[in-house]
Amino acid sequence: MFSGKPLKFKIGVLIFLTALGMLAGVFLGGCRQRNPGAAGGGASGERIPVVATIYPLADFARLVGGERVTVTQLLPQGAEPHEWEPSPKDILKLYRAKLVIYNGAGLEPWVARLLPSLRSKGVRVMEATKGLPLLTFAEEEKEGWTIYVNGSGQLQEKDEMHHTPVDPHAWLDPLLAREIVSRMAKELIAVDPAGKVDYMRRAQALQNRLAGLDRAYAAAARNFRRKEIIVSHAAFGYLGRRYGLRQVPVLGLAPEQEPDAATLAKIVDYGRKQGIRYVFTEPTVNPRASETVARELGVPVLPLTPIDSLSPQERERRSDYFDLMLQNLNNLKKALGE
Ligand SMILES: [Zn+2]
């Protein structure tokens, strides 16, 4: 991140935009004061404006909020969340929200700089991963959920794909997602108390579906004959912890660059030893390095999506979080089953 322009310049721009947003916020705030009943939601006919940064959080917010909310997904589909930064227009969307939901765990470092002005405007902010049992990438390596083929010490301070020491992909563990949904309902109730019964009912239904997803994964995992998956980037650490998988990332081993020939050779060597039958790719990430590994191994590629955003094809098919989690499960069964 912050590639292209010097860090100081970018921070300067961001501070300027924050000030601009606060200025706009004064006007918006003024409007809101003149219409105190306008944001009542539900019965009053006006929906509660909610902004969620990434796709899975927006999907959950729509399912919990139902007809009472309008959810805007801040990051465009296909955007790489680890590299994204808000434009002035995006910042205005945040100021206009009643509730802003972001993932946290280092996924959206720009949020920290906007928090004071959001709070001063009375925008409620939810950090989805707060309080969850998160892991650092180094801990995942230590526990064996992630295998870096170049050996320990390679990881150093952080996974280079994420610019953060903490693994942010909590939504890929259905039981962590359940906790996020439970807190999301409480946050919606806080901004729209009149919708309490509705939010709780919807959240309960969503939590039941997530529990069902967990049962499907757990049942399949009992029949997996191997644990090792070669993936694009280290997004599946929490999934691995929950269901006993070990991910071998092809990308994220070095900043802003594809793995070198020696690293690729080590991944191929590892894959051969483990009897890997498929190499996983991500729909929104350049598959070149993964395809090279697959070609060397003489095996096909299969998609395994981190569901941080939807590809054009997934959008066309109107896929949602549950479709993609089940698609991932089917592909895992194919790769690891009989
Ligand atoms: Zn990631």
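This text follows the structure it describes.
Draft legend 1. Spatial organisation of the nonpolar core. In this structure, Ala 61, Ile 101 and Met 184 are the most contacted members of the largest nonpolar core, which totals 82 residues. Ranked by residues supplied to this core, first place goes to helix H6 (residues 174-191) with eight residues. For this core, the two domains that each supply at least three residues are domain 1 (7-30 + 45-129 + 168-210) and domain 2 (223-336). Aside from chain neighbours lying at most four places away, what touches Ile 101 is Val 50, Ala 52, Leu 57, Ala 61, Met 126, Ala 128 and Met 184.

Draft legend 2. Expanded view of helix H7 (residues 196-222). With 27 residues, H7 ought to run about 39 Å at 1.5 Å a step, and its terminal C-alpha atoms sit 39 Å apart, in line with that. Restricting attention to buried positions, one finds in H7 the residues Asp 198, Tyr 199, Arg 202, Ala 203, Leu 206, Leu 210 and Tyr 217. Buried positions along H7 lie against helix H2 (55-65), H6, helix H8 (237-243) and helix H12 (321-336).

Draft legend 3. Representation of the sheet that holds strand S3 (residues 99-102) in the model. Read from one edge of the open sheet, four strands run S2-S1-S3-S4, paired in parallel fashion. Here the strands that pair on one side only, and so sit at the sheet edges, are strand S2 (69-73) and strand S4 (124-127). Geometrically, the sheet is characterised by an average inter-axis angle of 20° between neighbouring strands, direction not taken into account. Bridge count for strand S1 (residues 48-52) against S2 is five bridges, and the pairing is parallel. Note on S2: the bridge partner recorded for Pro 49 is Thr 70. Most of the contacts of H2 go to S2, to which it runs at about 175°, and overall it touches S1, S2 and S3. Of the strands in this sheet, S1, S3 and S4 touch H6, which is tilted by about 175° from S4.

Draft legend 4. Broad picture of the pairing of S2. Judged by which residues are buried, S2 turns out to be one-sided: Val 69, Val 71 and Gln 73 face inward and are buried, whereas Thr 70 and Thr 72, on the alternate face, are not. Handedness of the S1-H2-S2 crossover: right-handed.

Draft legend 5. Broad picture of the environment of Ala 194. Its place among the elements puts Ala 194 in the loop between H6 and H7. For Ala 194, a count of 14 C-beta atoms within 10 Å translates into the label partly exposed. Sequence spacing of Ala 194 and Arg 68 is 126 residues, and the spatial spacing of their C-alpha atoms is 9.9 Å.

Calculation notes
Residues numbered from 1 in each chain as written. Predicted model: local features only at pLDDT ≥ 70, side-chain atom pairs only at ≥ 80, totals over all residues. Core = buried A, V, L, I, M, F, W, Y, C linked by C-beta atoms within 7 Å. Buried ≥ 20, exposed ≤ 12 C-beta atoms within 10 Å, placed from the backbone. Helix = DSSP H or I, 4+ residues; strand = E, 2+ residues; numbered from the N terminus. Domains from an automatic or database assignment. Contact = placed C-beta atoms within 7 Å. Expected span 1.5 Å × (residues − 1). Pairing = 2+ DSSP bridges. Axes fitted to C-alpha atoms, helices over the stretch in contact; angles between N-to-C directions. Right-handed = clockwise from strand over helix to strand, strands pointing away.

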